[in-house]
Amino acid sequence: MRLFLLTLFCLTLFASNSIFCRAALVTWGMEPLQYAAVRSLSAAAMLALMCLMRVVKPLEGGASVWKQAWEQSSWAGTFYLFVYMICFTVAYVDMPSAAGTLIINISIQFGMVGWGMIQGVFPSRRQTAGLVIAFAGLAALMSPGLTAPPLFSSFLMVVVGLVWSGYTLCGRAAQSGPLAAAGNFFRCAIGGAVVGCLAFVLEEAAHPMAYACAVAAGAVATALSYTLWYAVSSRYELVGLSIIQLSVPFITAFLAVILLGEPITLRLVLCSVPILGGICLALLAKKDEAKRAA
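Here is a short report on the structure shown in this document.

What counts as what
- Residues numbered from 1 in each chain as written.
- Predicted model: local features only at pLDDT ≥ 70, side-chain atom pairs only at ≥ 80, totals over all residues.
- Heavy atoms only, no water.
- Phe/Tyr/Trp six-rings, centres within 6.5 Å; stacked < 30°, edge-to-face > 60°.
- Helix = DSSP H or I, 4+ residues; strand = E, 2+ residues; numbered from the N terminus.
- Buried < 20%, exposed > 50% of the residue type's maximum accessible area, 1.4 Å probe, protein only.
- Salt bridge = Lys/Arg side-chain N within 4 Å of Asp/Glu carboxyl O.
- Lys, Arg positive; Asp, Glu negative; His and termini not counted.
- Polar contact = N/O pair within 3.5 Å; in protein donor to acceptor, adjacent residues only side chain to side chain.
- Disulfide = S-S within 2.5 Å.
- Contact = heavy atoms within 4.5 Å.

1. Some points on the packing of aromatic side chains
Aromatic ring pairs are described here by two measures, namely the spacing of the ring centres and the angle between the planes. Summed over the entire model, instances satisfying the criterion amount to eight aromatic pairs. Here the aromatic rings of Phe110 and Phe135 are separated by 5.9 Å at their centres, their planes lie at 70°, and the arrangement is edge-to-face. You can see Phe110 sitting in helix α5 (residues 97-118) and its partner Phe135 sitting in helix α6 (residues 125-142), a full 25 residues away along the chain. For Phe110, a relative accessible area of 30% translates into the label partly exposed.

Okay, here's the thing in structure tokens:
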């Protein structure tokens, strides 16, 4: 029960990233560069505090936690993280919360599969069928119509999913996930400071509640959730972990209705079935193949 509650809390924090972003940009009128800068800097500050308090611990027998965080991270991972922050924020100016999360979810799967194919690992027939079904649902969601999400914002969300795949792959070589995440955010703070300077020149000051949403997104929904997720993810198999994360779009949709008053359209409901069902089919096919191989 404790593991279930901690997992649910982490998934809710993941979903709240979309909610905080939409609240700051749409409800309180914050402009995207300000939001991206405040979120990245507050995440770096929270991770620095967690390093000081030894919540993020150094590896045994190594250098200081600061040096290890820098060594465990990479400029490639930082680049992916920075692009994710910018595209995520700009896309959510016009993108409904739940639709954005759905697009990110399927894009991550395609990014991971694409990387596997580059490495010579190709999906099976069942995995391919699942991904085709999911892609058909995404195409239907993004097709022109009164309730379709904006095309440019949808494209940015696809980029978000792909660069998040890249960020995830960059961290595979790290000995400590929390240290790598901290180091990447410390590096990303450099770009966040530059974006903050641009926002100061180009954008109008926002409502204090908008800044509160951005700080909460960075310090809690981003920094804290990433660290907590590493604590619970080791308790699940990889395929099970991927399937669990399919609940994030539903949690996001629920929170968006309750907190932001966003409508759940019929198109979104109908398209979410093949998108999530196709991804689930692909993941379960992978799990079955792993069992047979064993």
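2. With respect to the pattern of salt bridges
Summed over the entire model, instances satisfying the criterion amount to one salt bridge. We note a salt bridge from Arg22 to Glu262, for which the minimum N-O separation is 3.0 Å. Linking Arg22 in helix α1 (residues 2-27) with Glu262 in the loop between α11 (248-260) and α12 (266-293), this pair joins segments that are 240 residues apart in sequence. In this structure Glu262 comes out as buried when scored by relative accessible area, which is 11%.

3. What to know about the side chain of Arg267
Tracing the sequence through the fold places Arg267 in helix α12. Of the side chains with opposite charge, Glu262 comes closest to the buried, unpaired Arg267, at an N-O distance of 14 Å. In this structure the side chain of Arg267 is engaged in a polar contact, spanning 2.7 Å, whose partner is the backbone oxygen of Ala140. Engagement of the side chain of Arg267 in a polar contact is seen with the backbone oxygen of Leu141, the distance being 3.4 Å.

4. Thoughts on the state of the cysteines
If you walk through the whole model with that rule in mind, you get zero disulfides. With no disulfide of its own, Cys197 lies 14 Å from the sulfur of Cys188, the closest cysteine sulfur. Note on Cys197: relative accessible area 52%, which makes it exposed.

5. Observations concerning the environment of Trp28
Along the chain, the position of Trp28 falls in the loop between α1 and α2 (32-52). Residue Trp28 is classed as partly exposed on the basis of its relative accessible area of 32%. Each C-alpha atom of the pair Trp28 and Ser73 lies 34 Å from the other, and the pair is 45 residues apart in sequence. When neighbours within four sequence positions are excluded, Trp28 is seen to be in contact with Ala23, His207, Met209, Ala210 and Cys213.

That is the geometry; function is a separate question.
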